[in-house]
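Summary of the model geometry
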Amino acid sequence: MNQITRPSFRGPLERIDDVTLRIPRSYKPGMLVDGTIFADDRLLPLIQGDQAAEQVANVACLPGIQIASLAMPDIHWGYGFCIGGVCGTDPAAGGVVSPGGVGYDINCGVRLVRTSLTLDEVRPLIVPLVDQLMRDIPVGVGQGGRRVFSPEELRALMQEGVPFLARLGLATAEDVACVEAEGCLPDAEPGLVSDRALARGADQCGTVGAGNHFIEVQVVDRVEDEAVAAAFGLRTGQICVLIHSGSRGLGYQVCDDALRALREAPAKYGITLPDRQLVCAPIASPEGRAYLGAMRAAANYAFCNRQLLMWQVREVFERVFGNPWESLGMTLLYDVAHNIAKFEEHAVAGVHKEVCVHRKGATRSFPAGHHDIPEPYRAFGQPVIIPGDMGRASWVLVGGPRSLERSFGTTCHGAGRCLSRTAATKAAQGRDIRTELERAGVIARSRSREGLAEEQPAAYKDVDVVVDVVHRAGLSLKVARLTPLGVIKG
Amino acid sequence: MFEVFEHTADLGVRVEASSFAELLADAASGLSTVIAGDLDQVRPEVVETFAVPGSDPAWLLFDFLGELHAAFELRRMLFRDFAVTVTDDGIQATARGERYDPARHVLAHEVKAITQHELSVERSAAGVLATFIVDI
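Being a predicted model, the structure only gives us computed values, none of them experimental.

1. Some thoughts on the overall build of chain A
- Of regular secondary structure, chain A possesses 18 helices and 20 strands.
- The C-alpha radius of gyration of chain A comes to 21 Å, within 12% of the 23 Å expected for a compact globule of 490 residues.
- For chain A, with 490 residues in total, the buried portion stands at 65%.
- Sequence-distant contacts, at least 24 apart, represent 77% of the contacts inside chain A between residues at least 6 apart.

Printed below as a string of structure tokens:
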């Protein structure tokens, strides 16, 4: 296959402070607010390298958008919305909901599982552990899960979220309490999820999938904030497991169905869009309400997917280490969504109002004291989990003091790609990524050659730099850094 | 003829052909290649037909690719050879391929969806030019 190159962004990026850039509202006709990108000078060339900043400007044209079209430092080119984008719209001001502002992988997200195991205990068994994870947990294209849910079961699962799995004995009350929204977005409407979506999702709950999804065994290599780390149950040398997946084919189909259903909505409601992938409908419209109902159902499926993955991880650890998961201390730190739209109360120009916050590759990051944070963490702030790449590091952060005022209580969601898939594949030619990782102390298993080549560490920005920006911006603060020991991928 | 172009997180496919019918067939090969990698591993054992109604070329392309994608997602069908006929009210297509066999096929990508981002069909010097981006 031949390749052609991607265009770069040549529009204005005005520096406001050392971590904030602005695209002025005057940049293009139709912008209702400024664009704001959180980035320092280290990240600026990468941001200018593709069309993500143009997409930030396009999102600023959406009716009812509040304050600014925002982007996190892990921003990169998406479709319609950039990845790393945040957009709050006011339902009372004709605000819209846009499926592109959530993405195909509705409630793609991560969860971090603690263990009481140490590096010394796991290092000698890391190869059999990763191989067992690869054998027992469905990962990769076309790999179905152990459970096939009937349409009726799927509807109940999508209505109730993780508490549905608790009734089946596949989640504990403690698990439920440590999932964003306690694992269930209210007002889900599974009846609005199509038969095609149900069919795609029937055997995929409890599967990793492919692309950038993974399960990774990690070790806490550095604690930055002892008090918060202690409250989060983290300490140096501790083994954790990071799970990254979303709503699988069911969610992709819900988004696809919504984009088709909304094709005519912009014309119907007199909305002019700079990119058809920004297709949207007023929140108060029948089309907008229908999307929100189906999206919430898919989001609940995604919470359940990660729960079933965690359950399988626990079973693998039991098998490899010969002890029940409870005695291995395998408790859930937290589960956060990356791709979602939620109604939240925020202050806009000094007025508290309900805003529909679209997070597309961005993480909720509520500060200490917020009522939506689980009680054990509330005095410290919401745990934020930031996956990096499979060769360097990931981070646990805590919701920062300025997140509500600056970003609708939001922070970054990862390192963010800096190489396209085609460029990463080209860079991997003649190399053995698996062996390179092994030499660096990371045992990697993947179903496909593309899985490792396209997701190699060099394809991503340095997560330490990205995290440094959100820390300095006060969106979320550093708690602990984790490094990879083993990973399974599609 | 199709080529893959760079898109940071996803993959774009650009197709150029002398006619719209040929363009649709080449676009289908492009999508199959993104999913399966090497199409030589796919045997043309069964023939399936697809009918897509409509008249807008971009939406016809989008909906046709969507049907092929659904055939893999719902029935695990991989295709390699395509023939398309364009009519006044839509398209008729045949596709040859086989069901995915995990023991024999090594797939390249999980395509989440065909996106509408930068979806286009336009006239070109050689005939017709189309682009589409798939979400990976």
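2. Some remarks on the overall build of chain B
- Assigned secondary structure in chain B consists of 2 helices and 8 strands.
- Traced from its N-terminal end to its C-terminal end, chain B shows the element sequence β-β-α-β-α-β-β-β-β-β.
- Principal axes of the C-alpha set define a box for chain B whose edges measure 45 × 35 × 25 Å.
- In chain B, buried positions account for 64% of the 136 residues.

3. Considering helix α10 (residues 248-261) of chain A
- In a regular helix each residue adds 1.5 Å, so 14 residues correspond to 20 Å; α10 of chain A covers 20 Å between its end C-alpha atoms and thus fits that length.
- With respect to burial, α10 of chain A is a largely interior element, 11 of its 14 residues being buried.
- What α10 of chain A keeps buried is the set Arg248, Gly249, Leu250, Gly251, Tyr252, Gln253, Val254, Cys255, Asp256, Ala258 and Leu259 of chain A.
- For α10 of chain A, the secondary structure elements touched by its buried residues are α5 (151-160), α8 (195-201), β10 (238-245) and α12 (286-321) of chain A together with α2 (57-75) and β6 (113-114) of chain B.

4. Quick word on the sheet that holds strand β14 (residues 351-360) of chain A
All names here are of chain A.
- Taken in spatial order, the 7 strands line up as β2-β3-β4-β5-β6-β14-β13 in an open sheet, and their pairing is mixed. Looking at the sheet topology across the chains shown, the edges are occupied by β2 (14-17) and β13 (339-348). Direction aside, the axes of adjacent strands within the sheet are offset by 35° on average.
- Pairing of β13 with β14 involves 10 bridges; the strand directions are antiparallel. Bridged to His346 within β14 is Lys353.
- Its contacts with the sheet place helix α2 (residues 52-59) against β3 (20-23), β4 (34-38), β5 (68-79) and β6 (81-89), and it is angled at close to 135° to β5.

5. Some thoughts on the pattern of salt bridges
Residues and elements named next belong to chain A.
- Evaluation of the coordinates by the stated rule reveals 43 salt bridges over all chains.
- The partner of Glu160 in a salt bridge is Arg167, with the nearest N and O atoms 2.8 Å apart.
- Given the relative accessible area of 57%, Arg167 is considered exposed.
- A salt bridge links Asp464 to Arg481; the nearest nitrogen and oxygen atoms lie 3.1 Å apart. Of the two residues, Asp464 sits in helix α18 (residues 463-472) while Arg481 sits in strand β20 (residues 476-489), which places them 17 residues apart along the sequence.
- Its relative accessible area of 13% is what places Arg481 among the buried residues.

6. Focus on the interface of chain B and chain A
- Facing 40 residues of chain B, the contacting portion of chain A comprises 44 residues.
- Broken down residue by residue, the surface that chain B buries against chain A is led by Glu6, Thr8 and Glu110 of chain B, which jointly contribute 21%.
- Seen at the junction of chain B and chain A, the total is 6 salt bridges.
- Here Lys112 of chain B makes a salt bridge to Asp105 of chain A, at a shortest N to O gap of 3.8 Å.

7. Overview of unusual backbone geometry
- Here the phi dihedral of Asp187 of chain A falls at roughly 65°; this positive angle occurs in a residue that is not glycine.
- The residue Asp187 of chain A is located in the loop between α7 (173-177) and α8 in this model.
- Phi is positive for Arg76 of chain B, which is not a glycine, with a value near 60°.
- Positionally, Arg76 of chain B belongs in the loop between α2 and β4 (77-87).

8. Some details on α2 of chain B
All names here are of chain B.
- The end-to-end C-alpha distance of α2 is 27 Å, a good match for the 27 Å that 19 residues give at a rise of 1.5 Å each.
- By the criterion of burial, α2 is predominantly enclosed, with 15 of the 19 residues buried.
- You can read the cap of α2 off the contacts: a side-chain oxygen lies 3.0 Å from the backbone nitrogen of Ala58, and it is on Asp56.
- Following α2 by one or two positions, Arg76 adopts a phi angle in the positive range, close to 60°.

9. Brief notes about the packing of aromatic side chains
- Taken as a whole and judged by the stated rule, the model has 11 aromatic pairs over all chains.
- Their ring planes at 75° and their centres at 5.5 Å tell us that Trp59 of chain B and Phe62 of chain B sit as a pair that is edge-to-face. Pair noted here: Trp59 of chain B and Phe62 of chain B are both in helix α2, with a separation of 3 residues, about one helical turn.
- Look at Phe62 of chain B and you get buried, because its relative accessible area is 1%.
- Lying across the ring of Trp59 of chain B, Arg276 of chain A places its NZ or CZ 5.1 Å from the centre.

10. Topic: the confidence of the model for chain B
- Mean pLDDT over chain B works out to 94, with 100% of the residues at or above the 70 mark.
- When pLDDT is averaged over each helix and strand of chain B, the minimum, 84, is found for strand β1 (residues 2-6) of chain B and the maximum, 98, for strand β5 (residues 90-99) of chain B.

11. A closer look at the sheet that holds β4 of chain B
Residues and elements named next belong to chain B.
- Strand order in the open sheet formed by 3 strands is β3-β5-β4, and the pairing between neighbours is antiparallel. Where the open sheet ends on each side, the last strands, each with one partner, are β3 (46-53) and β4. Strand-to-strand twist across the sheet, computed as the mean angle between neighbouring axes with direction ignored, equals 20°.
- Pairing of β3 with β5, which is carried by 8 bridges, proceeds in the antiparallel orientation. Bridge assignment links Thr49 to a residue of β5, and that residue is Thr94.
- Docked against the sheet, helix α1 (residues 20-36) engages β4 and β5, running at close to 165° with respect to β4.
- Sheet strands touched by α2: β3, β4 and β5. Its angle to β3, the strand with the most contacts, is close to 140°.

12. Some words on the environment of Asn212 of chain A
Residue and element names in this part refer to chain A.
- In this fold, Asn212 is placed in the loop between α8 and β9 (214-223).
- Looking at Asn212, the relative accessible area reads 25%, which means it is partly exposed.
- Distance in space between the C-alpha atoms of Asn212 and Val487 is 12 Å, their sequence separation being 275 residues.
- Dropping the residues within four chain positions of it, Asn212 is found in contact with His244, Arg421, Glu455, Tyr460 and Lys489.

13. Some words on the pairing of strand β12 (residues 332-337) of chain A
All names here are of chain A.
- Among the 6 residues that make up β12, 6 are buried, leaving the element largely enclosed by the rest of the structure.
- In terms of strand pairing, strand β8 (residues 109-118) meets β12 through 5 bridges, oriented antiparallel. From the neighbouring strand, Arg111 faces β12, where its bridge partner is Asp335.

Rules used in this analysis
- Residues numbered from 1 in each chain as written.
- Chains lettered and ligands numbered in written order.
- Predicted model: local features only at pLDDT ≥ 70, side-chain atom pairs only at ≥ 80, totals over all residues.
- Heavy atoms only, no water.
- Helix = DSSP H or I, 4+ residues; strand = E, 2+ residues; numbered from the N terminus.
- Rg over C-alpha atoms; globule rule 2.2 N^0.38 Å.
- Buried < 20%, exposed > 50% of the residue type's maximum accessible area, 1.4 Å probe, protein only.
- Contact = heavy atoms within 4.5 Å.
- Expected span 1.5 Å × (residues − 1).
- Pairing = 2+ DSSP bridges.
- Axes fitted to C-alpha atoms, helices over the stretch in contact; angles between N-to-C directions.
- Salt bridge = Lys/Arg side-chain N within 4 Å of Asp/Glu carboxyl O.
- Buried area = accessible area lost by both parts, 1.4 Å probe.
- Polar contact = N/O pair within 3.5 Å; in protein donor to acceptor, adjacent residues only side chain to side chain.
- Phe/Tyr/Trp six-rings, centres within 6.5 Å; stacked < 30°, edge-to-face > 60°.
- Lys NZ or Arg CZ within 6 Å of the ring centre and 35° of its normal.
- pLDDT = per-residue confidence, 0-100.

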